[in-house]
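Each chain, letter by letter, is given below.
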Amino acid sequence: MATYVYDFARGSRSQADLLGGKGANLAEMTRLGLPVPPGFTITTEACRYYLEHDAEPESLWAQVSEHLDRLQERMGRRLGDPADPLLVSVRSGARFSMPGMMETVLNIGLNDESVKGLGEVANDERFAWDSYRRLIQMFGKTVLDINGHLFERALDNAKHARGASSDVELDADALRFLVDDYKSLVLQQTGVPFPQDPREQLNLAILAVFRSWNTDRARLYRRRERIPHDLGTAVNVQVMVFGNLGEGSGTGVAFTRDPSTGARGVYGDYLPDAQGEDVVAGIRNTFSLAELGERDPDAYDELLDIMRRLELHYHDLCDIEFTVERGTLWMLQTRVGKRTAAAAFRIAVQLVDEGVIDKHEAVRRVTGAQLAQLMFPHFPESNSHEVITRGMSASPGAAVGQAVFDSPTAVAWAESGRDVILVRRETNPDDLSGMVAAVGILTSRGGKTSHAAVVARGMGKTAVCGAEALDVDTINKEMRTTSGVVIKEGDVISIDGSSGAVYLGEVPVVASPVVRYFEEGVASASQGADDDTQELIKAVDRIMRQADRSRRLLVRANADTAPDAQRARRMGAEGIGLLRTEHMFLGERKQYVERLILAGDDEEQQKALDALLPLQRMDFMRILESMDGLPVTIRLIDPPLHEFLPDRTDLAVRVALAEARGEKHESELRMLQAVNRLHEQNPMLGLRGVRLGLVLPGLFALQVRAIAEAACMRQKLGGDPRAEIMIPLVGSIQELELVIEEAAAVLQEVALVHGCTLKFPIGTMIELPRAAVTAGQIAEAAEFFSFGTNDLTQTTWGFSRDDVEAAFFSTYLDKGVFGVSPFESLDREGVGALVKMAVDAGRGVRPRLKCGVCGEHGGDPDSVHFFHDVGLDYVSCSPFRVPIARLEAGRAALGVASTDSR
């Protein structure tokens, strides 16, 4: 018989796949002898079985009963006993942290009889009725699927009737009447009374947590964070401890270091006379942990000691949830804490300096996605814009957008191309779609551990929370400050997640100091910067240096101009992996391409080519100079020629109008005839790439001559040009051999005339499935392969990227066909299999065949790990993403699994 239930004392943190992150860490704290309320964990296997069969495993309830009996015996109380009830919580706990995405139910075991016993045992009638109303509210929303606003409205009405500003001001009588209102709501909305049987409550809550794995918000979060959908969640059943027992009780969340900045010290939120959900939900504004130190020094000192023990045990920043029940400290959860990108780099370096981890582990602890966040712009330190309020700096960055007050509007406006900032009193899991769509989040309630703060940090979104001076009116879609400023939906605001400032209007942003570091170095980037920024720059520098020492993959850049090439080199690029020559034919040079297309005979065609030669030669000279001593892979012209001509419909209209007016239109008519001749139904698969070079004699030869002459001139000037010539869209070795024969003749001629040495490798892009399948043959002629994964993805899937992304990708993502767009992260099973096949086949023929990738996948963190694993020599990406690729290449070499690059 399969084991579906584990006591906390039986597990460990190494069993997160089975027990979920929360269950594994509860077991670990239990093993360490920390004060953890006892309980048991129902495994992820049970959840997966339930979701697959729409029924629980046959032995599940028997195993739950067995562990519940042991728990009751240990505690000396029975679940829901009328005289002295044992109460439990039921919480989700997936393998990867998904804050607020799934369900929790507290106070299971209370009913109309046991609430009285609880009040007598606790000697606090108000506490008992408060706990009961919380159970009905959570159970109603989570298990019975009743709209949570109905309960909130009833609570607001109760406070209004008693003249109370918060729920803690409601006395026992008010809470008793509120419980009656809540039970009436349950009966109205479901047609059945609130269940009085404690075991029925427990079973229903367990199944509700299972089902919460597949809620819309949970699926959306997993897609956003690239968490697999088939993991399932564990369920933790734990003896309740109470922070809402009045004086001497409270609840909080603590971090062993500041998760926002990485600063050493103790950080967190504390809320007296409250349960944990009050802190996370942001319903009441919290106090700092120092408040606990003043109220209960013994519990505070014990908490600090446990925090030190946990950080040393986990070798990392720990996120801790705790409750103080009448002076007794209880640990409810710990995990390696989520942190901002800046904090991640600072903490990794701090732990090295403290001797907790080594330099290699420091590289493993940060990700390319975090580095990308640090490279975004921010607001200048001094600006003249009006600060309308301040809140807590919950998640750093700078965000400018139009204020919106609900998630559907945020999604709709974002889809129409607008930048929006989601403004809420506090967010809840139902706001996730709006939070994903928004560029920033602003709340008037909550602290650094509220739902808004935790989710924003995890997503890399800018957030300001707990801006108490704001009165957010979601009904009328506006907010007011205490000074009288009114911001309506659509008004532009700017929020600074690093300082907590909220500005009226659009504040200009400035470049990231981390980008300046990559371009100018530590000394220049640190000049004039504050201490925190200098510390961050030094941390990034140390980790990047270690990543560069560790990595095997080289990192090149995709660049088309000399300034692009220069910037890429400053960013650490070790060459150019893709120089797109067609970009050199744009602007004023399009006239020369038009002449080439319209040429009536060989002489006119040659004149057009001769006019292009010096322009191309100068372009190549500048880029080879910028990358002197480093390889420059030059792709010969790839797109179909009609892209350089006027629009077909526009031309036809102009010709028709000219004819109607009796005006001369010979040149336009000739151009229209050329456009019609070159028109294709599907140009992406038409006359382009190598096909164009074979059909239009002299075009590729012109480009090869320009490259060769530019290289000779650079050699004569003392340079070290290292050009590589790449033939696009090759599908057969015969195509490649014809172009190589022509190119070799040109190179030999130019070398002879100019007295220089030209030993440039000639290779091909692998961007067609046939090229991948026949790579062994193609390698007989090609000296290198460069995988054009953008087109290889299109041709493997049968997609036209410009059409499908707007047409149905959102549906595919929603339905789980894609976890992420295959144009963002490489499709390993399909496109990736072709890449591996081609590498293996090519090196089977030419063992030292150089292989790289030049699609934008070369800068995607997850894809970089795949390219490392299949043995590519280099990746190439946009200049901005070069540092990201460098870091991930180092992490890949150090054995970090690609899924850890999230």
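Quantities reported herein were computed from a predicted structural model and do not represent experimental measurements. (Residues numbered from 1 in each chain as written. Predicted model: local features only at pLDDT ≥ 70, side-chain atom pairs only at ≥ 80, totals over all residues. Heavy atoms only, no water.)

The subject of this paragraph is the overall build of the protein. Assigned secondary structure in the protein consists of 37 helices and 31 strands. Relative to a compact globule of 902 residues, whose C-alpha radius of gyration would be 29 Å, the protein shows 32 Å and is just as compact. Counting only C-alpha atoms, the protein reaches 105 × 65 × 60 Å along its principal axes. Looking at the protein as a whole, 57% of its 902 residues qualify as buried. Partitioning the intrachain contacts of the protein with sequence separation of at least 6 by distance along the chain shows that 69% fall at a separation of at least 24. Carbon and sulfur atoms form 48% of the exposed surface of the protein, whose accessible area is close to 36,300 Å². Across the protein, the mean location of the 99 positive side-chain charges is 4 Å away from that of the 130 negative side-chain charges. (Helix = DSSP H or I, 4+ residues; strand = E, 2+ residues; numbered from the N terminus. Rg over C-alpha atoms; globule rule 2.2 N^0.38 Å. Buried < 20%, exposed > 50% of the residue type's maximum accessible area, 1.4 Å probe, protein only. Contact = heavy atoms within 4.5 Å. Areas by Shrake-Rupley, 256 points an atom, 1.4 Å probe, with all protein chains shown as cover. Lys, Arg positive; Asp, Glu negative; His and termini not counted. Charge placed at Lys NZ, Arg CZ, Asp CG, Glu CD.)

A separate point is helix α35 (residues 828-845). In a regular helix each residue adds 1.5 Å, so 18 residues correspond to 26 Å; α35 covers 24 Å between its end C-alpha atoms and thus fits that length. Contact partners of the buried residues in α35: α30 (769-773), α31 (775-778), β29 (784-787), α32 (789-797), β30 (850-853) and α36 (861-869). Two or three places before Glu 829, at the opening of α35, Asp 827 has a side-chain oxygen 3.4 Å from that residue's backbone nitrogen. (Expected span 1.5 Å × (residues − 1). Polar contact = N/O pair within 3.5 Å; in protein donor to acceptor, adjacent residues only side chain to side chain.)

By the secondary structure assignment, Asp 496 is in strand β22 (residues 492-496). Once you skip the residues sitting within four places of it in the chain, Asp 496 turns out to touch Phe 379, Gly 397, Thr 462, Val 464, Ala 501 and Tyr 503.

Membership of the largest hydrophobic core comes to 137 residues, with the highest contact counts inside it found for Phe 345, Leu 371, Val 540, Ile 727, Leu 758, Phe 785 and Phe 787. In terms of residue count, the dominant contributor to this core is helix α28 (residues 699-716) (11 residues). Discounting chain neighbours no more than four positions away, the residues touching Val 540 are Phe 345, Leu 371, Leu 374, Val 514, Tyr 517 and Phe 518. If you look at the next biggest cluster of nonpolar residues, it comprises 61 residues, including Phe 127, Leu 135, Ala 158 and Phe 242. (Core = buried A, V, L, I, M, F, W, Y, C linked by side-chain atoms within 4.5 Å.)

This part takes up the pattern of salt bridges. One pass over the structure, following the stated rule, counts 51 salt bridges. With its nearest N and O atoms 2.9 Å apart, the salt bridge here joins Asp 112 to Lys 183. Here Asp 112 is found in the loop between β6 (104-108) and α4 (114-122), whereas its partner Lys 183 is found in helix α7 (residues 172-190), with 71 residues between them in sequence. Accessibility expressed as a relative area gives 27% for Asp 112, which makes it partly exposed. When salt bridges with common partners are traced through the structure, they connect Asp 316, Arg 339, Glu 361, Arg 364 and Arg 365 into a single cluster. (Salt bridge = Lys/Arg side-chain N within 4 Å of Asp/Glu carboxyl O.)

We now examine the sheet that holds β6. Across the sheet, which stays open at both edges, the 5 strands sit in the order β1-β2-β7-β5-β6 with antiparallel pairing between neighbours. Of all the strands in the sheet, the pair left with one neighbour each is β1 (5-7) and β6. Mean inter-strand twist for the sheet, computed between neighbouring axes without regard to direction, equals 20°. Note that strand β2 (residues 39-42) and strand β7 (residues 233-239) share 4 bridges and pair antiparallel. (Pairing = 2+ DSSP bridges. Axes fitted to C-alpha atoms, helices over the stretch in contact; angles between N-to-C directions.)

Turning to the sheet that holds strand β12 (residues 328-336), a few remarks are in order. The strands that make up a sheet are held in pairs by hydrogen bonds between backbone atoms, and each pair lies either parallel or antiparallel. Ordered in space as β10-β9-β8-β11-β12, the 5 strands form an open sheet in which the pairing is antiparallel. Lying at the two open borders of the sheet, with one neighbouring strand each, are β10 (287-288) and β12. Across 8 bridges, strand β11 (residues 318-325) lies against β12 in antiparallel orientation. Residue Thr 323 lies in a different strand from β12, and its bridge partner there is Trp 330.

Considering all chains together, one arrives at 17 aromatic pairs under this definition. Ring centres 5.3 Å apart and planes at 85° place the aromatic pair Trp 797 and Phe 818 in the edge-to-face group. Placement of the pair is Trp 797 in helix α32 and Phe 818 in the loop between α34 (809-814) and α35, with a sequence separation of 21 residues. Taking relative accessible area as the criterion, Trp 797 reaches 34% and is therefore assigned partly exposed. Look at Phe 818 and you get buried, because its relative accessible area is 4%. (Phe/Tyr/Trp six-rings, centres within 6.5 Å; stacked < 30°, edge-to-face > 60°.)

What follows covers unusual backbone geometry. Of note in this structure, Asn 107 is not a glycine but carries a positive phi near 70°. By the element assignment, Asn 107 lies in strand β6. Phi at Asn 123 takes a positive value of approximately 55°, unusual for a residue other than glycine. Counting through the fold element by element, Asn 123 comes out in the loop between α4 and α5 (125-142).

We now examine the pairing of strand β17 (residues 440-443). A regular strand places its side chains so that they alternate between the two faces of the sheet. Along β17, one buried face is formed by Gly 440 and Leu 442 and the opposite face, lined by Ile 441 and Thr 443, is buried too. Pairing analysis gives 4 bridges linking strand β16 (residues 420-424) to β17, with the strands arranged parallel. When the bridges of β17 are listed, Leu 422 appears paired with Ile 441. With 3 bridges joining them, β17 and strand β18 (residues 462-465) adopt parallel strand pairing. Paired with Leu 442 across the strands is Val 464, a residue of β18.

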